[in-house]
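Spelled out, the chains give:
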Amino acid sequence: MKKIILGELLKFYGKQMGTSLFYIGALLVFPFSVLMKVVADIRETYTYMDFASLLDGLVIPMQGIMLLVAVYMYRLVADEIQYRQSILFPDIVRIQYQRVIAILMNHALFTGMTLLFGATGMFVYFHQEQVPWSSFQLDILRHILIFYFLPLVLAALWGINCAMIFGKQKIGMLVLVLIWVFLGPLNTEFFSAYFYEGGLEGDRSFLFIGPLQPGSVYVPLVGYLGNQALLLKIFIHIVLQSIILFLLIGQWHLRFSRQWMTVVISLLVLCLLIIISPYALANNQQTFDRSHDAELAQHYKTPYRFQPNHKNLDYTIQKMNLTLNPVENQIETEAELKIQSDQAHIVLSLWHEYHITSVSAGQKKLQYKQYGDFISMSLPPQARTHTVTIRYQLHNSPHFPVTEEEWYLPATTNWYPARQVEPINRLGVETLDLIVDRSNLMNVRITGELPNDLVSNLTRQDENTYIGRVSGVTLLRGNLSTYEARGIQIVTDSSWSNPSTYWLPVEQVLKHTNTVIRRTFGKKVIFPDKVVLISPNLERNSFCDSHHLLLQVGTNLRLDQSLNEVIAAYVPGLMWSETSSHVKIDPKWKLFNAALAYWLQIELKLEPIEIDSFYLQQTGRDMKQLNGWIKMFSDRSHDQQLVLLQKWYRELNAKQKGGNRDD
């Protein structure tokens with residue numbers, strides 16, 4: 001008998017698997033599911049920009065496909081395995097290896113073809129919706145490889161191994177179903193509490209091969225869930241099953257020495273897997289990690305752990321030089337601040353997850369303590385102007401990813417040392433609700449090993465230097481696309497369609513809003529020539545200066561379909577970008593923004609968003625008082641509402657100026 005019959009086996013099993021309605025039908029569930037989601041997307045009443053969500057939840061049908069594939073492989077192998085005891089010629093092991101390889105190669109071919117068929121359908125739809133070809137489509141292919149293709153290979157090994165062990169015994173099918181339940185991609189839903197607690201980097205993450213949140217596999221700027229660690233993890237699962245299969249077939253050797261050699265080789269490969277396994281836990285996509293859900297609310301409980309004395313805020317930052325040196329999943333940062341102060345002690349603000357390693361003035365080390373978002377430090381005596389150097393690490397975190405591929409460092413948070421009296425996030429809330437002080441302009445210079453694809457409101461002076469005079473600094477990189485439209489540079493997530501599909505009405509609404517605000521509030525408004533439309537945390541916020549507009553609408557609707565929400569997100573940045581944090585904790589501040597957005601929506605003949613006190617409540621605020629203000633506003637005519645808004649604006653502005661003097 002021939003020793004090498006792989007070619008014949010490939011043809012034999014290719015024909016057998018290709019003509020199986022059960023097997024091919026199972027694989028076609030994926031492209032069918034994609035088609036159904038595309039059809040549902042097309043038939044939506046509103047136009048959505050959430051193209052990336054086409055893969056949300058597809059792990060649910062994938063769980064079913066894996067069971068069908070495993071059952072088919074079990075039946076395919078079990079039907080023949082019953083004869084193994086009667087076939088004891090010397091080449092039986094070699095033939096069995098070739099047989100399994102032929103089955104798996106055909107399975108990989110059929111699986112790859114059906115998955116590519118589904119992906120091609122998505123790409124055609126994206127092309128029709130004017131989503132340009134970019135890293136977004138490549139990200140989809142990587143996600144499909146990790147969470148669909150390789151798990152289906154693993155499912156085939158489950159079925160083959162169970163067939164090898166149990167043959168046609170009924171218990172074999174029961175064991176297969178149990179493996180599917182406990183190790184399938186939906187086990188994070190079946191046992192969510194157990195897996196959420198461990199997160200993506202805990203030891204228990206070895207037990208799941210699917211996403212931690214099956215309904216959320218994409219984050220703007222970050223992209224799809226999927227990286228080298230996750231790829232390595234599913235690879236380890238496949239190799240473990242392959243070792244089991246190697247041992248099962250190896251026991252058919254007629255010679256004991258060869259059986260022993262099979263065990264030795266398996267143990268060596270197992271040791272190698274143990275050595276590389278820690279790398280499978282080095283997952284840097286913390287935005288998908290549910291184990292961090294409670295950390296924000298836990299940190300920003302009331303009362304906050306530290307409250308700066310107003311005297312310690314009696315200083316001015318005149319200049320800031322930042323040196324950024326990216327390393328794996330963090331940025332080694334050195335902030336050199338030129339500070340003018342008569343105080344012996346000052347307090348600076350820095351996001352609490354960024355840990356300081358040293359503070360110095362010249363060659364002298366300064367004493368400091370870090371309390372959450374605040375840094376308390378002593379300044380050298382007998383000097384009014386100080387050059388203080390603070391070294392710290394910009395760590396990767398759930399809300400502000402910093403990895404080798406992504407940086408999310410917006411001007412709406414203190415990712416660099418700043419002067420601020422309030423904690424950076426609103427106290428007593430469970431979501432990201434940032435409060436920052438941007439009341440002073442300063443000269444900023446950033447140097448270091450800077451990537452070429454950075455998006456910033458600073459001017460690039462040379463390859464490794466950015467400069468500017470700003471009140472807040474934005475640095476972004478990741479799955480972003482940059483366009484030019486009507487003389488404006490527009491930066492969006494790479495999953496969005498070309499701005500030509502939506503930008504004109506958005507620009508008109510923003511500029512009309514500027515005109516109305518200039519006329520009714522006498523506020524000087526400049527529309528910048530760079531607009532950044534990125535909201536990784538689905539924030540509804542904005543920041544505006546003469547260099548850029550960071551507009552975070554936080555909606556899945558295409559922006560020309562949600563112009564009222566565009567206004568609601570634009571108002572805080574338009575009215576309060578260069579103000580102190582003091583005014584932003586006033587109970588009337590959020591109400592003013594919502595009421596002004598409501599008034600502007602009516603003024604511009606858009607459907608207004610009703611003011612809801614539930615979304616405006618703040619820690620320790622009297623809901624009855626808030627409802628009273630809302631009623632006071634709602635009971636007035638449109639013109640009278642404007643008078644009330646102007647009054648509130650004067651009151652808030654007066655409080656801001658008073659707060660600055662007190663500080």
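That block above? That's the structure.
To keep things clear, this report deals only with the structure shown in the data block. In this text the structure is predicted, and so the values were computed from the model without any measurement.

### What to know about the overall build of the protein chain
Turning to step 1, where the next piece is worked out: Across its full length, the protein chain carries 18 helices and 21 strands.
Turning to step 2, where the next piece is worked out: Considering the protein chain as a whole, with its 663 residues, one finds that 56% of them fall into the buried category.
Turning to step 3, where the next piece is worked out: Restricting to contacts in the protein chain with at least 6 residues of sequence separation, those with at least 24 account for 71%.
Turning to step 4, where the next piece is worked out: As presented, the protein chain carries roughly 29,200 Å² of accessible surface, and 56% of it is formed by carbon and sulfur atoms.

### Notes on helix α10 (residues 228–250)
Turning to step 1, where the next piece is worked out: In this model, α10 (23 residues) spans 32 Å end to end at C-alpha, consistent with the 33 Å of a helix rising 1.5 Å per residue.
Turning to step 2, where the next piece is worked out: Its side-chain oxygen at 3.2 Å from the backbone nitrogen of alanine 229, asparagine 227 defines the N-terminal cap of α10.

### Focus: the sheet that holds strand β18 (residues 488–493)
Turning to step 1, where the next piece is worked out: The mixed open sheet is built from five strands, whose spatial order is β17-β18-β19-β21-β20. Both edges of this open sheet fall to β17 (480–485) and β20 (541–544), since each of them pairs with a single strand only. Averaged over all pairs of adjacent strands, the angle between their axes in this sheet comes to 15°, without regard to strand direction.
Turning to step 2, where the next piece is worked out: The pairing of β18 with strand β19 (residues 530–533) spans four bridges and is parallel. In the sheet register, glutamine 489 faces β19, and the bridge partner there is lysine 530.
Turning to step 3, where the next piece is worked out: Set on the sheet, helix α14 (residues 563–576) makes contact with β20 and β21 (549–552); between it and β20 the angle comes to about 45°.

### Focus: unusual backbone geometry
Comment: phi is negative for the bulk of residues other than glycine, and the bulk of peptide bonds are trans.
Turning to step 1, where the next piece is worked out: A cis amide bond, omega -10°, links threonine 302 with the succeeding residue proline 303.
Turning to step 2, where the next piece is worked out: Here asparagine 329, not a glycine, exhibits a phi torsion of approximately 60°, which is positive.
Turning to step 3, where the next piece is worked out: For asparagine 329, the position within the fold is in the loop between β3 (315–327) and β4 (330–341).
Turning to step 4, where the next piece is worked out: Despite not being glycine, lysine 605 has its phi angle at roughly 60°, a positive value.
Turning to step 5, where the next piece is worked out: Mapped onto the elements of the fold, lysine 605 is located in the loop between α15 (587–603) and α16 (613–616).

### Thoughts on a nonpolar patch on the surface
Turning to step 1, where the next piece is worked out: A surface patch of nonpolar side chains, amounting to about 750 Å² of accessible area, comprises Ile171, Leu174, Leu178, Phe182, Phe190, Phe191, Tyr194 and Leu207.
Turning to step 2, where the next piece is worked out: The element contributing the most residues to the nonpolar patch is helix α7 (residues 170–183), with four residues.
Turning to step 3, where the next piece is worked out: Considering the arrangement of structural elements, one finds phenylalanine 190 in helix α8 (residues 187–190).

### Re the pattern of salt bridges
Turning to step 1, where the next piece is worked out: Per the counting criterion, the structure on display carries 15 salt bridges.
Turning to step 2, where the next piece is worked out: Here aspartate 342 ties to arginine 384 by a salt bridge, and the two come within 3.0 Å at their closest N and O atoms. Of this pair, aspartate 342 sits in the loop between β4 and β5 (345–349) while arginine 384 sits in the loop between β9 (374–378) and β10 (385–395), placing them 42 residues apart in sequence.
Turning to step 3, where the next piece is worked out: Exposure remark for aspartate 342: the relative accessible area of 56% places this residue in the exposed category.
Turning to step 4, where the next piece is worked out: Note on arginine 384: relative accessible area 45%, which makes it partly exposed.
Turning to step 5, where the next piece is worked out: The partner of glutamate 651 in a salt bridge is lysine 647, with the nearest N and O atoms 2.7 Å apart. Of this pair, glutamate 651 and lysine 647 both sit in helix α18 (residues 638–662), four residues apart, which is roughly one turn of the helix.
Turning to step 6, where the next piece is worked out: Residue glutamate 651 is classed as partly exposed on the basis of its relative accessible area, which comes to 32%.
Turning to step 7, where the next piece is worked out: Residue lysine 647 is classed as partly exposed on the basis of its relative accessible area of 38%.
Turning to step 8, where the next piece is worked out: Bridged by salt links that share partners, the residues Arg426, Asp433 and Lys590 form one connected network.

### Remarks on the sheet that holds strand β8 (residues 368–371)
Turning to step 1, where the next piece is worked out: In space, the three strands of this open sheet follow the order β5-β9-β8, with antiparallel pairing throughout. Of all the strands in the sheet, the pair left with one neighbour each is β5 and β8. Strand-to-strand twist of the sheet, defined as the mean angle between neighbouring strand axes without regard to direction, takes the value 20°.

### Some details on the packing of helix α6 (residues 135–166) against α7
Turning to step 1, where the next piece is worked out: Between α6 and α7, the least distance of the axes is 9 Å, while the angle of their chain directions is 150°. Between α6 and α7, the angle falls in the class roughly antiparallel. Considering the relative orientation of α6 and α7, their crossing is right-handed. For the pair α6 and α7, the contacting residues are Trp158, Gly159, Cys162 and Phe166 in the first and Ile171, Gly172, Val175, Leu176, Ile179, Trp180 and Leu183 in the second.
Turning to step 2, where the next piece is worked out: In terms of residue class, the contact of α6 with α7 is made up of nine nonpolar, two polar and no charged.

### Considering α6
Turning to step 1, where the next piece is worked out: With 32 residues, α6 extends 45 Å between its outermost C-alpha atoms, agreeing within 8% with the 46 Å of an ideal straight helix rising 1.5 Å per residue.
Turning to step 2, where the next piece is worked out: Along α6, the largest kink reaches about 40° and is centred on leucine 145.
Turning to step 3, where the next piece is worked out: At the exit of α6 stands glycine 167, carrying a positive phi of roughly 60°.

### Considerations on the environment of asparagine 325
Turning to step 1, where the next piece is worked out: On the secondary structure map, asparagine 325 appears in strand β3.
Turning to step 2, where the next piece is worked out: By relative accessible area, asparagine 325 is classed as partly exposed at 29%.
Turning to step 3, where the next piece is worked out: Note: C-alpha distance between asparagine 325 and valine 455 (130 residues apart in sequence) is 17 Å.
Turning to step 4, where the next piece is worked out: Discounting residues that sit within four places of it in the chain, asparagine 325 has contacts with Gln330, Ile331, Glu332, Gly448 and Glu449.

### Re the packing of helix α5 (residues 92–128) against α10
Turning to step 1, where the next piece is worked out: At a minimum axis distance of 10 Å, the contact between α5 and α10 shows a crossing angle of 150°. What the angle tells us is that α5 and α10 run roughly antiparallel. Seen from above, α5 lies across α10 with right-handed handedness. Facing Val93, Gln96, Tyr97 and Val100 of α5, the residues of α10 in contact are Leu245, Phe246, Ile249 and Gly250.
Turning to step 2, where the next piece is worked out: Partitioning the contact of α5 with α10 into residue classes produces six nonpolar, two polar and no charged.

### Quick look at the nonpolar core
Turning to step 1, where the next piece is worked out: Formed by 121 residues in total, the largest nonpolar core has its most connected members in Met73, Met122, Phe126, Trp503, Met575 and Phe592.
Turning to step 2, where the next piece is worked out: The element best represented in this core is α6, accounting for 16 residues.
Turning to step 3, where the next piece is worked out: Among all residues touching phenylalanine 126, those that are not within four sequence positions of it are Phe51, Leu54, Val131, Phe136, Gln137 and Ile140.
Turning to step 4, where the next piece is worked out: Of all hydrophobic cores here, the second largest spans 77 residues; its members include Phe288, Leu324, Ala361 and Trp415.

### Considering the pairing of β8
Turning to step 1, where the next piece is worked out: In terms of strand pairing, β8 meets β9 through four bridges, oriented antiparallel. Across the sheet, the residue bridging to glutamine 370 is isoleucine 375, located in β9.
Turning to step 2, where the next piece is worked out: Hairpin connection of β8 to β9: two residues between the antiparallel strands, including glycine 372 at a positive phi of 60°.

### Some points on the side chain of glutamine 393
Turning to step 1, where the next piece is worked out: For glutamine 393, the location among the structural elements is in strand β10.
Turning to step 2, where the next piece is worked out: The class for glutamine 393 is buried, based on a relative accessible area of 19%.
Turning to step 3, where the next piece is worked out: Within the local environment of glutamine 393, its side chain forms a polar contact with the side chain of glutamate 332, the two groups lying 3.0 Å apart.
Turning to step 4, where the next piece is worked out: Separated by 3.1 Å, the side chains of glutamine 393 and histidine 395 make a polar contact.

Rules of the game
- Residues numbered from 1 in each chain as written.
- Predicted model: local features only at pLDDT ≥ 70, side-chain atom pairs only at ≥ 80, totals over all residues.
- Heavy atoms only, no water.
- Helix = DSSP H or I, 4+ residues; strand = E, 2+ residues; numbered from the N terminus.
- Buried < 20%, exposed > 50% of the residue type's maximum accessible area, 1.4 Å probe, protein only.
- Contact = heavy atoms within 4.5 Å.
- Areas by Shrake-Rupley, 256 points an atom, 1.4 Å probe, with all protein chains shown as cover.
- Expected span 1.5 Å × (residues − 1).
- Polar contact = N/O pair within 3.5 Å; in protein donor to acceptor, adjacent residues only side chain to side chain.
- Pairing = 2+ DSSP bridges.
- Axes fitted to C-alpha atoms, helices over the stretch in contact; angles between N-to-C directions.
- Patch = residues over 30% accessible without salt bridge, like charges linked within 9 Å, V, L, I, M, F, W, Y side chains within 5 Å.
- Salt bridge = Lys/Arg side-chain N within 4 Å of Asp/Glu carboxyl O.
- Parallel < 35°, antiparallel > 145°, perpendicular 65-115°, else oblique.
- Left-handed = near helix turned anticlockwise from the far one by under 90°.
- Nonpolar A, V, L, I, M, F, W, Y, C, P; charged D, E, K, R; others polar.
- Bend = angle between axes of the 7 residues up to and from the residue.
- Core = buried A, V, L, I, M, F, W, Y, C linked by side-chain atoms within 4.5 Å.

Function-wise, these values are silent; they only describe arrangement.
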